[in-house]
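Below are the chains, spelled out letter by letter.
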2 protein chains.
Amino acid sequence: MYTIIVYDIGTERVTRVCHYLRRYMNWVQNSVFEGDLSVSQSKRIQNTLEELIDKGSDSIIIYTLQSKHALERQIIGQEKARTTNIL
Amino acid sequence: MYTIIVYDIGTERVTRVCHYLRRYMNWVQNSVFEGDLSVSQSKRIQNTLEELIDKGSDSIIIYTLQSKHALERQIIGQEKARTTNIL
């Protein structure tokens, strides 16, 4: 499943979240990751994120598509990280 | 077309970009907007964003889907802005 994760997380927790997501996904912009995940990976990531964040103040949105081909992606300005190999 | 816009923009320009996007889309999280746009709206927004940002340092990613039904959306932690009426 093609997945986009965007987050707004307190500075004291953001480094851990960022390091964790890098293990499975591609960093594409400040607070944005993309990646092709299996169902079990997606579930594991959701569970771990729930443990890593403060649910009372942090926010994570997970967008999931069955196929990355359903998505068009366009960049204006700088491409912070190249993902041409995955999209 | 269902559109998600994520941006990483210098603080001196971010307020103008945010105010502009609010006219057409829903703010859902820090630096993230969502909305259903016509082709002409989408084109106009892209053109305006190109004028508003510094292309040498700012970055905007525009994700477009033909239908919002192709997208699943899940929130962990706080829902910064409610969009249940649009998704």
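Bear in mind that the values here come from a model prediction, so they are computed numbers and not experimental data. (Residues numbered from 1 in each chain as written. Chains lettered and ligands numbered in written order. Predicted model: local features only at pLDDT ≥ 70, side-chain atom pairs only at ≥ 80, totals over all residues. Heavy atoms only, no water.)

### What to know about the confidence of the model for chain A
On average, residues of chain A carry a pLDDT of 92, and 93% of them reach 70 or more. Model confidence for the complex: the whole-complex pTM is 0.91, and ipTM, which rates the interface, is 0.89. (pLDDT = per-residue confidence, 0-100.)

### Quick word on unusual backbone geometry
Outside of glycine, negative phi angles account for most residues, and trans bonds account for most peptide bonds. Located in the positive-phi region is Ser31(A), a residue other than glycine, with phi close to 70°. In this structure, Ser31(A) sits in the loop between β2 (26-29) and β3 (32-36). (Helix = DSSP H or I, 4+ residues; strand = E, 2+ residues; numbered from the N terminus.)

### Some points on helix α2 (residues 39-52) of chain A
Across its 14 residues, α2(A) extends 20 Å between first and last C-alpha, which sits within 8% of the 20 Å expected from 1.5 Å per residue. Here α2(A) has its buried residues at Ser42(A), Ile45(A), Gln46(A), Thr48(A), Leu49(A) and Leu52(A). (Expected span 1.5 Å × (residues − 1). Buried < 20%, exposed > 50% of the residue type's maximum accessible area, 1.4 Å probe, protein only.)

### Considering the relation of the copies chain A and chain B
Mapping chain A onto chain B is achieved by rotating through 180° and translating by 0.0 Å along the same axis, at an RMSD of 0.0 Å. Look at the turn and shift together and you get a two-fold axis relating the two. Among all C-alpha atoms of chain A, that of Ala70(A) lies closest to the rotation axis, at 3.5 Å. (Least-squares fit on C-alpha atoms with pLDDT ≥ 70 in both.)

### With respect to the environment of Ser67(B)
All names here are of chain B. Here Ser67 lies in the loop between β4 (59-65) and β5 (71-77). Take Ser67: its relative accessible area is 27%, and that puts it in the partly exposed class. Taking the C-alpha atoms as reference points, Ser67 and Met1, 66 residues apart in sequence, are found 6.0 Å from one another.

### A closer look at the interface of chain A and chain B
Taken together, the contact between chain A and chain B spans 35 residues of the former and 35 residues of the latter. Approximately 3,100 Å² of surface area, both sides summed, lies buried where chain A meets chain B, with 51% of it carried by carbon and sulfur atoms. When the buried area of chain A at its contact with chain B is split by residue, Gln29(A), Tyr63(A) and Ile76(A) rank highest and sum to 24% of it. Viewed at the interface, chain B and chain A are joined by two salt bridges. A salt bridge links Lys80(B) to Asp8(A), with the shortest nitrogen-to-oxygen separation between them at 3.5 Å. At the junction of chain A with chain B, the criterion picks out 28 residue pairs in polar contact (both at pLDDT 80 or more). (Contact = heavy atoms within 4.5 Å. Buried area = accessible area lost by both parts, 1.4 Å probe. Salt bridge = Lys/Arg side-chain N within 4 Å of Asp/Glu carboxyl O. Polar contact = N/O pair within 3.5 Å; in protein donor to acceptor, adjacent residues only side chain to side chain.)

### A few points about the sheet that holds strand β2 (residues 26-29) of chain B
Strand order across the open sheet formed by five strands is β5(A)-β4(B)-β1(B)-β3(B)-β2(B), with antiparallel pairing between neighbours. Among the strands making up the open sheet, the edge pair consists of β5 (71-77) of chain A together with β2 of chain B. The mean angle between the axes of side-by-side strands here comes to 25°, regardless of whether they run parallel or antiparallel. With five bridges connecting them, strand β1 (residues 2-8) of chain B and strand β3 (residues 32-36) of chain B associate as antiparallel partners. When the sheet's bridge partners are listed, Tyr2(B) is paired in β3(B) with Asp36(B). Relative to the sheet, helix α1 (residues 11-22) of chain B contacts β1, β2 and β3 of chain B, its axis offset from that of β1(B) by approximately 170°. Against the sheet, helix α2 (residues 39-52) of chain B makes contact with β5 of chain A together with β1, β3 and β4 of chain B, and its axis sits at roughly 25° relative to β5(A), the strand it touches most. (Pairing = 2+ DSSP bridges. Axes fitted to C-alpha atoms, helices over the stretch in contact; angles between N-to-C directions.)

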